[in-house]
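A structural walkthrough
The residues making up each chain are set out below.
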Amino acid sequence: MPPFPLTVRDSVVTALRAAGCVFAEDEARLILAAAHTPDELAALVERRAAGLPLELVLGWAEFRGLRIAVEPGVFVPRRRTEFLVEQALAHAPGATVVVDLCCGSGAVGTALAAALGAVELHAADIDPAAVRCARRNIADAGGQVHEGDLFEALPDDLRGRIDILAANVPYVPTGEVGLLPAEARDHEPLVALDGGTDGLDVLRRVAAQAPDWLAPGGCVLVETSERQAETAVDAFTGAGLRTTTAVSEELYAQVVIGVRT
């Protein structure tokens, strides 16, 4: 159908603003573009006004210029995680074997494959909903998605061959999950958010096992908070990895990188 009239656009902006959407104009533009009928538009606006994350209303999230399919019950990729992808590409620009661990929607693996070209791509997650969603996203890259707990999910023939191991592990301390914005707390799986008492339980497990799976010179990258970075570095160096950190002030992102020497 033709574009909705300006009066409809204005009413959508007003409804979103009344619901507390800070970027009501931008969100209205995306919702209007997604709707094909007035009834569909009304349903989308109602879902967003009720607090459903915009990405779940639309069915996709933008990540490094890509449209990543997202579904209810799946962690929505954050823009700050684009920095992890940038760091992976900077450390291993010639990578041919890539693993997206704790993959959620598979956004990180999809973005890495898009930038690197022909790679052997694997992704894994413990959550069946995430696995289903990731399969939608990495299909075009010819990747494989595995269900299971961290490295247990991966084919054994990947040992010692991984050039980039991107592990966007959960790192919110258990006691702080309740302080998260409602969009995350109410609509995303706890397993993708809760990192244990200090937020680093899963990170430590990844650090301990990563050297067995990385190729010589291969790198493992995790996102963490500023206050957790020192402890995360200790976990990486304790596993025998050459460790550095990278910070993006613009994206409020902190990435710890470990390289197998």
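Our subject in this report is the structure included herewith. If you're wondering where the values come from, they're calculated on a predicted model, not measured in any experiment. (Residues numbered from 1 in each chain as written. Predicted model: local features only at pLDDT ≥ 70, side-chain atom pairs only at ≥ 80, totals over all residues. Heavy atoms only, no water.)

**Here we look at the pattern of salt bridges**
Applied cut-off: Basic side-chain nitrogens of Lys or Arg form a salt bridge, by our definition, when they fall within 4 Å of a carboxyl oxygen of Asp or Glu. Numbered from the N terminus, helices here are DSSP runs of H or I no shorter than four residues, and strands are runs of E no shorter than two. In this scheme, a residue with accessible area under 20% of its type's maximum is buried, one over 50% is exposed, and one in between is partly exposed, where area comes from a 1.4 Å probe on protein chains only.
Within this structure, the stated rule accounts for 14 salt bridges. In this structure, the salt-bridge partner of Glu27 is Arg48, at a minimum N-O distance of 2.7 Å. Taken together, the residues Glu27 in helix 2 (residues 24-34) and Arg48 in helix 3 (residues 38-49) connect sequence positions 21 residues apart. There is no split in this pair, since Glu27 and Arg48 are both buried. Its salt-bridge partner being Arg78, residue Glu188 comes within 2.7 Å of it at the nearest N-O pair. Of the two residues, Glu188 sits in the loop between helix 8 (182-187) and helix 9 (201-213) while Arg78 sits in the loop between strand 2 (66-69) and helix 5 (82-91), which places them 110 residues apart along the sequence. According to the relative accessible area criterion, Arg78 is partly exposed, its value standing at 21%. One salt-bridge network, in which partners are shared between bridges, spans Asp198, Asp201 and Arg204.

**Describing the environment of His122**
Note the threshold: Contacts are assigned to residue pairs with any non-hydrogen atoms lying within 4.5 Å of each other.
Within the secondary structure, His122 is located in strand 4 (residues 120-125). Here His122 falls in the buried class, since its relative accessible area comes to 2%. Between the C-alpha atom of His122 and that of Arg29, which follows or precedes it by 93 residues, the distance is 35 Å. The contacts of His122, once residues within four sequence positions are left out, are Val98, Val99, Asp100, Gln144, His146, Pro155 and Leu158.

**Comments concerning the environment of Leu200**
Mapped onto the secondary structure, Leu200 falls in the loop between helix 8 and helix 9. In contact with Leu200, not counting residues within four places along its chain, are Gly195, Thr224, Gln228, Thr231 and Ala232.

**Some thoughts on the packing of aromatic side chains**
Spelled out, the test is: Centres within 6.5 Å make a pair out of two Phe, Tyr or Trp rings, where for Trp the six-membered ring is used; the pair is then stacked when the planes are under 30 degrees apart, edge-to-face when over 60, and tilted otherwise. Think of it as a cone above the ring: NZ of Lys or CZ of Arg counts as a charge over the ring if it is within 6 Å of the ring centre and within 35 degrees of the ring normal.
Summed over the entire model, instances satisfying the criterion amount to 1 aromatic pair. Ring centres of Phe151 and Trp213 lie 5.5 Å apart, and the angle between their planes is 25°; this geometry places the pair in the stacked category. Here the residue Phe151 occupies a position in the loop between strand 5 (144-147) and strand 6 (162-167), and Trp213 occupies one in helix 9, the gap between them amounting to 62 residues. The same class applies to Phe151 as to Trp213, namely buried. Lying across the ring of Trp60, Arg67 places its NZ or CZ 3.9 Å from the centre.

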